[in-house]
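Chain by chain, the residues:
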Amino acid sequence: MKQATLDEDFWNTPEVKSVMQEISDIEEKLSEYTSIDKKFQDLETISEILKDSDDNDLETEFQTTAISLTEEISAFYTRNLLDGEYDTSDAILTIHSGAGGTEAEDWTSMLYRMYLRYAERHDYKVTLIDALEGGEAGYKSITCKVSGRFAFGYLSCEQGVHRLVRISPFDAAKRRHTSFASVAVLPVLPESAQVDIRPEDLKMDTFRASGAGGQYVNMTDSAVRITHIPTGIIVSCQTQRSQHQNRAVAMTVLASKLYELKRKERQKELDTLGSGKQKIEWGSQIRSYILQPFQLVKDHRTKFENANATSVLNGGIDEFISQYLLLKKKLDIL
């Protein structure tokens, strides 16, 4: 019995879990590659048959399979560009409205909806962590957790300022307005990641949760706000049913923010030393969404464009992410 307990403790250590996850990732890639290779061989076989026959059904099958395989290869290639330390992790995504009042707050809600649709397409789970509603519509800020393999790797490509140009639904004169919102993305750190958070450095406040959330949430001081005194970082969570649960989620967000702060400090030191490598910095504006007088979504980093803005706002951002990952990899090897 004692030996069984020791074995169980060993397999549950963060280090062993990390190694097992790496093995699982490699096995998954091999399985996916084998599947692609088999489909490619099947296409070659059908192609040889079509050389000597005019089978319409077989030709339709060939075209359908070829299109599907092309998309599968593209997704496989893009996924293999994700080789960062925490690219396979879940993500914490925060959207802040920029200047512009109701316009910007509504734009924040539109972006949140876009990421919800993107998550649905990829079978990711989205959990709302905190939201500060706008005056008339939308949100001043909203934070959620996106759970799924490579959620952080993909969504980290969305970090930066997003610009919307449209005829305002809130303007009686129907004038065209420009709105801004910023997107920040952090990885949910695994157990093996070391982030030193001392209890004496924390200040915790509780308050009554706002908005819908059930009778229990709204009638108790279950919402939690944690301030990390040395850095001034403030995180909050009000969507869970108990103060304990809200605190646990808030601490997860705080750990990710502290990790990101340290990463930026290390990167700043490297930049000061000068590595001679061209780097991608999060600019003040990464993408524009133009709805009037014409439709166009343009990424200012990669120059990739999509004229179907409606599709993009419904979660169709895969090609934007793919193009950015290709650009990032190209610049990383210069």
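What you see is a predicted model; the values in this text were computed from it and never measured.

Cut-off values and rules
Residues numbered from 1 in each chain as written. Predicted model: local features only at pLDDT ≥ 70, side-chain atom pairs only at ≥ 80, totals over all residues. Heavy atoms only, no water. Pairing = 2+ DSSP bridges. Helix = DSSP H or I, 4+ residues; strand = E, 2+ residues; numbered from the N terminus. Axes fitted to C-alpha atoms, helices over the stretch in contact; angles between N-to-C directions. Salt bridge = Lys/Arg side-chain N within 4 Å of Asp/Glu carboxyl O. Phe/Tyr/Trp six-rings, centres within 6.5 Å; stacked < 30°, edge-to-face > 60°. Lys NZ or Arg CZ within 6 Å of the ring centre and 35° of its normal. Contact = heavy atoms within 4.5 Å. Core = buried A, V, L, I, M, F, W, Y, C linked by side-chain atoms within 4.5 Å. Buried < 20%, exposed > 50% of the residue type's maximum accessible area, 1.4 Å probe, protein only. Polar contact = N/O pair within 3.5 Å; in protein donor to acceptor, adjacent residues only side chain to side chain. Patch = residues over 30% accessible without salt bridge, like charges linked within 9 Å, V, L, I, M, F, W, Y side chains within 5 Å. Areas by Shrake-Rupley, 256 points an atom, 1.4 Å probe, with all protein chains shown as cover. Expected span 1.5 Å × (residues − 1).

Peer 1: How would you explain the sheet that holds strand β7 (residues 223-228) if you had to name every residue and give the values?
Peer 2: Reading across the sheet, the three strands line up as β6-β7-β8 and stay open at both edges, with antiparallel pairing between neighbours. Looking at the sheet topology across the chains shown, the edges are occupied by β6 (202-207) and β8 (233-237). When the angles between neighbouring strand axes are averaged without regard to direction, this sheet yields 15 degrees. Bridge analysis of β7 against β8 gives five bridges, and the strand direction is antiparallel. Within β8, the residue paired with V224 across the bridge is C237.

Peer 1: Got a sec to walk through the pattern of salt bridges? Specific residues and values, please.
Peer 2: For the structure shown, the criterion picks out 16 salt bridges. A salt bridge links K51 to E48; its shortest N-O distance comes to 3.3 Å. A residue pair is termed a helical-turn pair when its members lie 3 or 4 positions apart in one helix, as K51 and E48 do in helix α2 (residues 14-51) at three residues. Several salt bridges share partner residues, and in doing so they unite E158, R287, D299 and R301 into one network.

Peer 1: Kindly report on the packing of aromatic side chains, identifying the contributing residues and their values.
Peer 2: This structure, assessed with the given rule, holds six aromatic pairs. The ring of F150 has R149 sitting right over it, with the charged end atom 5.3 Å from the ring centre. A cation over a ring is seen here: R301 above Y324, with NZ or CZ 4.0 Å from the ring centre.

Peer 1: Run through the sheet that holds strand β2 (residues 125-133), naming residues and quoting values.
Peer 2: Pairing is mixed in the open sheet, where eight strands are placed in the order β2-β3-β1-β5-β4-β9-β10-β11. The outermost strands of the open sheet, each flanked by one partner alone, are β2 and β11 (305-306). With seven bridges joining them, strand β1 (residues 91-97) and strand β5 (residues 176-187) adopt antiparallel strand pairing. What sits directly across from S97, in β5, is A181. Seen against the sheet, helix α4 (residues 102-121) touches β1, β2, β3 (139-147), β4 (160-167), β5 and β9 (287-290) and runs at an angle of roughly 50 degrees to β5. Packing against the sheet, helix α9 (residues 318-332) makes contact with β9, β10 (296-299) and β11, and its axis sits at approximately 20 degrees to β10.

Peer 1: How would you explain the nonpolar core if you had to name every residue and give the values?
Peer 2: Residues I95, L111, Y115, L254 and Y289 are the most contacted members of the largest nonpolar core, which totals 60 residues. Each residue touching Y289, except ones within four places of it in the same chain, is listed here: W107, L111, M114, E158, H162, R163, L164, V165, L296, V297, V312 and L313.

Peer 1: So what's going on with the pairing of β2? Which residues, and what values?
Peer 2: As paired elements, β2 and β3 share eight bridges and run antiparallel to each other. Residue pairing across strands places K125 opposite S147, the latter belonging to β3. In sequence, β2 turns back onto β3 through a hairpin of five residues, with G138 there showing a positive phi of about 70 degrees.

Peer 1: Before we move on, can you summarise unusual backbone geometry with the specific residues and values?
Peer 2: Here the residue pair Q292 and P293 is connected by a cis peptide bond, since its omega of 10 degrees sits within 30 degrees of zero. Relative to the assigned elements, P293 resides in the loop between β9 and β10. The backbone of D123 shows a phi angle near 60 degrees, a positive value even though the residue is not glycine. Structurally, D123 can be placed in the loop between α4 and β2. A positive phi angle is found at F150, which is not glycine, with a value near 70 degrees. Tracing the sequence through the fold places F150 in the loop between β3 and α5 (151-155).

Peer 1: Any details on the side chain of E103? Residues and values, ideally.
Peer 2: Position of E103 among the secondary structure elements: in helix α4. Residue E103 is classed as buried on the basis of its relative accessible area, which comes to 8%. Polar side-chain contacts of E103 include one of 3.4 Å to the side chain of R166. Setting aside residues no more than four positions away along its own chain, E103 makes contact with R166, S168, P169, F170, H177 and S179.

Peer 1: Pulling in residues and values, what's your account of the environment of H228?
Peer 2: Tracing the backbone through its elements, the reader meets H228 in strand β7. Taking the C-alpha atoms as reference points, H228 and M204, 24 residues apart in sequence, are found 8.9 Å from one another. Once residues lying within four places of it in the same chain are set aside, the contact partners of H228 are D201, L202, I233, L254 and L258.

Peer 1: Go over a nonpolar patch on the surface, please, and point to the residues and values.
Peer 2: Together, V19, M20 and I23 make up an exposed nonpolar region whose accessible area comes to about 250 Å². Locating V19 in the fold gives a position in helix α2. A relative accessible area of 45% places V19 in the partly exposed class.

Peer 1: Pulling in residues and values, what's your account of helix α3 (residues 56-79)?
Peer 2: Spanning 24 residues, α3 covers 35 Å between terminal C-alpha atoms, matching the ideal 34 Å at 1.5 Å per step. Residues of α3 that are buried: L58, L69, E72, F76 and T78. For α3, the N-terminal capping position is held by D55, with its side-chain oxygen 3.0 Å away from the main-chain nitrogen of D57.

Peer 1: Run through α9, naming residues and quoting values.
Peer 2: Given 3.6 residues per helical turn, the α-helix brings residues three or four places apart onto the same face. Helix length check: α9 (15 residues) gives 21 Å between terminal C-alpha atoms against 21 Å at 1.5 Å per residue, within 8%. For α9, the set of buried residues is F320, I321, S322, Y324, L325 and L331.

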